[in-house]
Amino acid sequence: MAIDQNFYVNKKNKEFLYSLWFLSFVLVISIGIFWYNTFLVKANQELEGQIINIDNSLNEVKKDKRVQIKELVDINKSILKELDRKSDVVSYIKHLRLLNSKYGINLEGFDYNAWKITTTAKISSDERGPAYGKLVRFIQDYRLNKDNELDLMFVNTISGHDTIEFTANFKLK
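Here the structure is a predicted model, which is why all the values come from computation and not from measurement. (Residues numbered from 1 in each chain as written. Predicted model: local features only at pLDDT ≥ 70, side-chain atom pairs only at ≥ 80, totals over all residues. Heavy atoms only, no water.)

Visitor: So, the pattern of salt bridges: which residues are in play, and what are the values?
Guide: In this structure the tally under the stated criterion is eight salt bridges. Between Glu82 and Arg85 there is a salt bridge, with its nearest N and O atoms 2.8 Å apart. Placement of both Glu82 and Arg85 in helix H3 (residues 77-86) is noted, with a separation of three residues, approximately one turn of the helix. Take Arg85: its relative accessible area is 38%, and that puts it in the partly exposed class. Between Glu82 and Lys86 there is a salt bridge, with the nearest N and O atoms lying 3.9 Å from each other. One end of the pair, Glu82, and the other, Lys86, are both in helix H3, four residues apart, so they sit about a helical turn from each other. When its relative accessible area of 16% is taken as the criterion, Lys86 is described as buried. (Salt bridge = Lys/Arg side-chain N within 4 Å of Asp/Glu carboxyl O. Helix = DSSP H or I, 4+ residues; strand = E, 2+ residues; numbered from the N terminus. Buried < 20%, exposed > 50% of the residue type's maximum accessible area, 1.4 Å probe, protein only.)

Visitor: Run through the nonpolar core, naming residues and quoting values.
Guide: Formed by 22 residues in total, the largest nonpolar core has its most connected members in Leu99, Phe138, Leu150, Phe166 and Phe170. Those residues in contact with Phe138 that lie beyond four places of it in its chain are Leu99, Tyr103, Ile105, Leu152, Phe166 and Phe170. (Core = buried A, V, L, I, M, F, W, Y, C linked by side-chain atoms within 4.5 Å. Contact = heavy atoms within 4.5 Å.)

Any link to function would need more than the numbers given here.
Structure below.
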């Protein structure tokens, strides 16, 4: 059996051509990737320059006192709302007037300081009942009612018989 030598020569030529095509394909892809990478690096540098310019502009704006005040107000918005609610003295006076009619006591005077209200309570015996009964009902009911705007603090001194007088201290909730 004779071996055809042209078969091997043709085979070597085809493999060589395939290798050249593959090499040229890899070179074209590599050049394309290199060009795309260069494009991306340039675009990235432009964006970094824009970011630096914007940061400088923002720093200039932040130096303005009005912007600083606005930022502080935004940061402390919940605290300011709470302070606004706690400084609504009119609602606390109305609440104390309601206590006058509800429990039959007279709250005289009004001192509001450091989220605390101090007033003098006078309770007299009348057709609603004796003074001590109205006092007990007031203290007990007021402390048990969780819907009140104020907390009744400890009552440390009570004086009187038919007319009872004591200092009522309330703390804002």
